[in-house]
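# Notes for the structure review
If you want the building blocks of each chain, they are given just below.
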Amino acid sequence: MDTATHFVIGLSLAGLAYVDPAVAASPTLAAAVLLGTVIGSQAPDFDGLLRFKSNALYVKNHRGITHSLPFLVIWTALISGILSLLFSGVPSGHIVLWTGIAVCLHVFSDLFNTYGTQAFRPVTEKWISWNIIHIFDPFIFTLHALAVLLWSTGAVHPAPLFTVVYILTVFYYIWRTGAHSMRTREVMRLDESRKSGERYFVIPTISYNKWHVVKSHPDGSYQIGVLNGHTLEWRKHAVTESHPAVEHSRNHPDVEAFLYFSSFAVAEVEPLPWGYVVRWADVRYRHRRQYPFVAVLVMDKNYQPINTYVGWLSSKKMNKRLSINSG
């Protein structure tokens, strides 16, 4: 989920907490729980601060250890412990409960996106992404934001209001999970070129009727397409170019970080008079015929690095940032 959605869900959890009689009876406890759910709903993404050190470090670690099983406990204990000190005299168990729910809900909801998390560390470092909910879902955001606004007017008691909101949210997730499963089967049925060993990844967009489709071939290449309504259209065959520059790029720490995160990466090489530009792109993310999630390495004729970039960027902005000149 995006930051804004996590924030409104943190607020709505504070409203749902009024089903707890202790919270409903104590304004002080309710205030502590509000802080706990809002901070807890953001805490796993505090790894975003790694951006200030380097994009590569951020890409490699975002939604990694901070979303892991041990950190569910660490975030909950740290936040509720501080709040219990600030709000002395209130029953800390209720702060722990609702803060823990906020932290766990953050990590659980991120599993439904395409970006994925390492939620099962230390059991496995595998990135888990179920490709069911777009990173920004208009229904989820609007439902919770409107409920928070309604609560703020004082016109409706929060306990029944947010009970209904969360029941609707659960049913929405169930519906989207079923829709994703049906769309995946539909893609497999519509693809007349389907062969044994191929895997399909059906990825949500902000539109309910449009899904990005990635077909993984056994040779490591990908077929990129779109399911629009009930029409499947293949648009590109993506394959990593065989070139010494590609192999040298794999040893660069920034590219290593990118490949650690993405198992859907392909590379292309642009030869220039003075060297090479190797562009690694994650084929799951396509926007306006471009792949904005990239790792780019500029090197000289001897394959020595000159400049690099890892992260989200359009081709035009990336070339300007790296000062790439084909002339």
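Per an unreviewed UniProt entry, the protein chain goes by Hydrolase and derives from Paenibacillus rhizosphaerae.

## Remarks on the domain arrangement of the protein chain
Domain annotation of the protein chain identifies domain 1 (3–176), domain 2 (193–237) and domain 3 (244–322). A straight line from the C-alpha centre of domain 1 to that of domain 2 covers 32 Å. Between domain 1 and domain 2, the contact holds 11 residues from the first and eight residues from the second. Here domain 1 meets domain 2 over a buried area of about 770 Å², counting both sides, of which 63% is carbon and sulfur. It is Asn131, His134 and Arg176 in domain 1 that bury the most area against domain 2; as a group they hold 59% of the surface buried on that side. Here domain 1 and domain 2 share zero salt bridges between them. Summed over the shared surface of domain 1 and domain 2, the number is one residue pair in polar contact (both at pLDDT 80 or more). Elements with a minimum of two residues in the side of domain 1 that touches domain 2: α7 (138–153) and α8 (158–190). Among the residues making up the side of domain 1 that touches domain 2, the classes are represented as six nonpolar, three polar and two charged.

## Notes on the packing of aromatic side chains
In total, this model carries 24 aromatic pairs according to the counting rule given. A centroid spacing of 4.6 Å and a plane angle of 35° characterise the contact between tyrosine 115 and phenylalanine 261, whose relative ring orientation is tilted. Of this pair, tyrosine 115 sits in the loop between α6 (92–110) and α7 while phenylalanine 261 is found in helix α10 (residues 253–261), placing the two residues 146 residues apart along the sequence. Classification of tyrosine 115 as buried rests on a relative accessible area of 9%.

## Observations regarding the nonpolar core
Counting 41 residues, the largest nonpolar core has Val23, Ile133, Ile140, Phe162 and Tyr173 as its most contacted members. Broken down by secondary-structure element, the contributors of at least two residues to this core are α1 (3–16), α3 (27–42), α5 (69–86), α6, α7 and α8. With six residues, the top contributor of residues to this core is α8. Beyond its immediate chain neighbours, meaning those up to four positions away, tyrosine 173 contacts Met1, Ser109, Phe112, Ile133 and Ile140. Formed by 23 residues, the second largest nonpolar core is a distinct cluster that contains Tyr58, Val59, Val278 and Val310.

## Looking at the pattern of salt bridges
A pair can form between side chains of opposite charge whenever their charged atoms are brought close. On inspection of all chains with the given rule, the structure shows nine salt bridges. For the salt bridge of aspartate 110 with arginine 63, the shortest nitrogen-to-oxygen distance reads 3.3 Å. Linking aspartate 110 in helix α6 with arginine 63 in the loop between α4 (55–61) and α5, this pair joins segments that are 47 residues apart in sequence. Judged by relative accessible area, aspartate 110 falls into the buried class, the value being 0%. The salt bridge involving arginine 189 is made with glutamate 186; its shortest N-O contact spans 3.8 Å. Taken together, the residues span about one helical turn, with arginine 189 and glutamate 186 both in helix α8 at a distance of three residues. Overall, arginine 189 belongs to the exposed group, its relative accessible area being 60%. Three or more residues are tied together by salt bridges with common partners; here these are Arg183, Glu186 and Arg189.

## A word on the side chain of arginine 176
By the element assignment, arginine 176 lies in helix α8. Buried charge without a salt bridge: arginine 176, with aspartate 137 as the nearest opposite-charge side chain at an N-O distance of 4.4 Å. For arginine 176, the contacting residues outside a window of four places in its chain are Ile132, Ile133, His134, Asp137, Pro204, Tyr208 and Trp211.

So, how was this worked out
Along each chain, numbering runs from 1 in the same order as the chain's sequence is written. Selection of residues for local features in this predicted model requires a pLDDT of at least 70, selection of side-chain atom pairs for listing and counting requires 80 or more, and totals for whole chains, interfaces and linings are taken over all residues. No hydrogens and no water enter the side-chain calculation; it runs on all heavy atoms of the structure. Domain limits in this description derive from either an automatic procedure or a database domain assignment. Only heavy atoms matter for contacts: two residues are in contact if any of them lie within 4.5 Å across the pair. In this description, buried area is defined as the sum, over both parts, of the accessible area (probe of 1.4 Å) that is lost when the two are combined. Note on definitions: salt bridges are taken to be side-chain nitrogens of Lys or Arg within 4 Å of carboxyl oxygens of Asp or Glu. Any pair of nitrogen or oxygen atoms within 3.5 Å is treated as a polar contact; in protein, a donor-acceptor pairing is required on top of that, and neighbouring residues in sequence qualify only through side-chain atoms on both sides. Numbered from the N terminus, helices here are DSSP runs of H or I no shorter than four residues, and strands are runs of E no shorter than two. Residue polarity is assigned by list, with Asp, Glu, Lys and Arg as charged and Ala, Val, Leu, Ile, Met, Phe, Trp, Tyr, Cys and Pro as nonpolar; anything else, Gly included, falls into the polar class. Any two of the Phe, Tyr and Trp rings considered here, Trp counted by its six-membered ring, make a pair once their centres fall within 6.5 Å; the pair's planes then place it as stacked at under 30 degrees, edge-to-face at over 60, or tilted in between. Residue burial is assigned from relative accessible area. The probe radius is 1.4 Å, only protein chains are included, and a residue is buried under 20% of its type maximum, exposed over 50%, and partly exposed in between. In this description, a nonpolar core means a group of buried Ala, Val, Leu, Ile, Met, Phe, Trp, Tyr and Cys residues linked to one another through side-chain atoms lying within 4.5 Å. When charges are counted, Lys and Arg are positive and Asp and Glu negative, with His and the chain ends excluded.

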